Amino acid sequence: MHVKPALSAFHRALARGRRMAGTRGASPRAQDVLTALSCLGLMALDLPGLAAADNSLSGAGAAAVLTVGCSALLVRRRMPWAAYLTALLFIGWLHELTLIQFALYSVGRYRGRRAAVLATAGYVAFALAVFSVPGWPEPRAETLSAFLSLVVPIGVLASAVGIAAYRHDLVCELEARRAETAVLSAVQQERTSVARDVHDFVGRELTLLTVRSEVLSVRARDTPYAKDFEELSDTARRAHLLLNEIIVQRGERAATPGVDGLAALAEQSGRAGSPVRLAMDPQAHALSPLRQAAVYRVVQECLTNAAKHARGETIDVSVRVDGPHVRIAVGNGLPAGAPDRAPVSAGSGTASMAERVRSLGGTLTATRTPHAYEVVATLPRG
């Protein structure tokens, strides 16, 4: 009848122990304390022998000495050499080999391979010197080969485990940094994508707003609303200028309208005062979404630039599928004189188009003559 409550209590205690091991046990300080206590427990097994071998130590004195020696492991991360020197003292005084194993492991794990090899060589040399002193090891009949079969493997094994742990820590740290870098890169790419979309869409609308407001300002010059339209034009220009100062274009996002959206772009450009003659090959509708997005962005940027620098001029847009390639050509005439007010421009539109086209394995050229400006982009068909 009482079996189930007893089992339930055992399970609760086991779960509590696991939780403590998963929280407190993960702390470096807790691990150091546990290591020191483990070393003390192993050395305590030989406590009667230590007291008998050294007449200056009683049982309580030997326990105190071992406790002080093991306390050096509490600083094994920051000062592993302190535990190492204490362990050598224990070898020479008490002929105790337990602490040196923990010390060599600590040197290997927290100082690396070179320090571990040096510490192991020093330990073997020191132990060999102590072996030559009469009275250790006991009985004296032990040979050098027996000494080497015991003392040397202890040091080499402890150092090797420490070095392996050191390398494992390096690998874990490297993986953590790679994961952190991947997260930061993903965040940066997302921010860049948002910035690119803001520039491509909001920037275009601000450009059209600026152009339209300036046209209305000119038309209403002799009306009572002239001042209001001038203020609207100035506000639109300032907003566009702020957008270009804030947005840094580095990335891109593929979720973009395809070639079906070119007609709407042409209509918007016409309403802004720059009529568009659009000639599109029907085969362009069969292009992959990625290629269509690239075509859309190239035409969009060209129309925006034309609205800025050649307002009122007719723009010729041609999208043609020629065998394994897609050719996009956008050209417009240039006004005879410079505009009264310089257009707001970030100066990176052509570079943005070229980057997008090159990322797809294509080429982009921009040609300017005294009377015309033309952009030609060629993409692999896909």
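Residues numbered from 1 in each chain as written. Predicted model: local features only at pLDDT ≥ 70, side-chain atom pairs only at ≥ 80, totals over all residues. Heavy atoms only, no water.

Chemist: Which residues make up the side chain of T98, and what are the values?
Modeler: Here T98 is to be found in helix α6 (residues 98-111). Among all residues touching T98, those that are not within four sequence positions of it are C39, L42 and M43. (Helix = DSSP H or I, 4+ residues; strand = E, 2+ residues; numbered from the N terminus. Contact = heavy atoms within 4.5 Å.)

Chemist: How would you explain the nonpolar core if you had to name every residue and give the values?
Modeler: Ranked by size, the top nonpolar core spans 29 residues in total, and within it Y84, I100 and Y123 carry the most contacts. When residues of this core are traced back to their parent elements, those giving at least two are α2 (28-44), α4 (59-70), α5 (80-94), α6, α7 (113-131) and α8 (144-219). The leading source of residues in this core is α5, at 7 residues. Those residues within four positions of I100 in sequence are excluded, and the remaining contacts are Y84, A87, L88, I91 and Y123. Membership of the second largest hydrophobic core comes to 28 residues, among which are L265, V321, V326 and A377. (Core = buried A, V, L, I, M, F, W, Y, C linked by side-chain atoms within 4.5 Å. Buried < 20%, exposed > 50% of the residue type's maximum accessible area, 1.4 Å probe, protein only.)

Chemist: Any details on the packing of α2 against α6? Residues and values, ideally.
Modeler: It is the contact of α2 with α6, at a shortest axis distance of 9 Å, that shows an interaxial angle of 155°. Taken together, the axes of α2 and α6 are roughly antiparallel relative to one another. Taken as a pair, α2 and α6 cross one another with a handedness that is right-handed. Here α2 contributes T35, S38, C39, L42 and M43 to the contact with α6, which in turn contributes T98, L99 and F102. A class-by-class count of the residues in the contact of α2 with α6 yields 5 nonpolar, 3 polar and no charged. (Axes fitted to C-alpha atoms, helices over the stretch in contact; angles between N-to-C directions. Parallel < 35°, antiparallel > 145°, perpendicular 65-115°, else oblique. Left-handed = near helix turned anticlockwise from the far one by under 90°. Nonpolar A, V, L, I, M, F, W, Y, C, P; charged D, E, K, R; others polar.)

Chemist: Give a detailed account of the packing of aromatic side chains, specifying residues and quantitative values.
Modeler: This model, assessed by the stated rule, comprises 1 aromatic pair. Their ring planes at 90° and their centres at 5.5 Å tell us that W81 and Y84 sit as a pair that is edge-to-face. Note that W81 and Y84 are positioned in helix α5 at a spacing of 3 residues, about one turn of the helix. For Y84, a relative accessible area of 6% corresponds to the buried category. (Phe/Tyr/Trp six-rings, centres within 6.5 Å; stacked < 30°, edge-to-face > 60°.)

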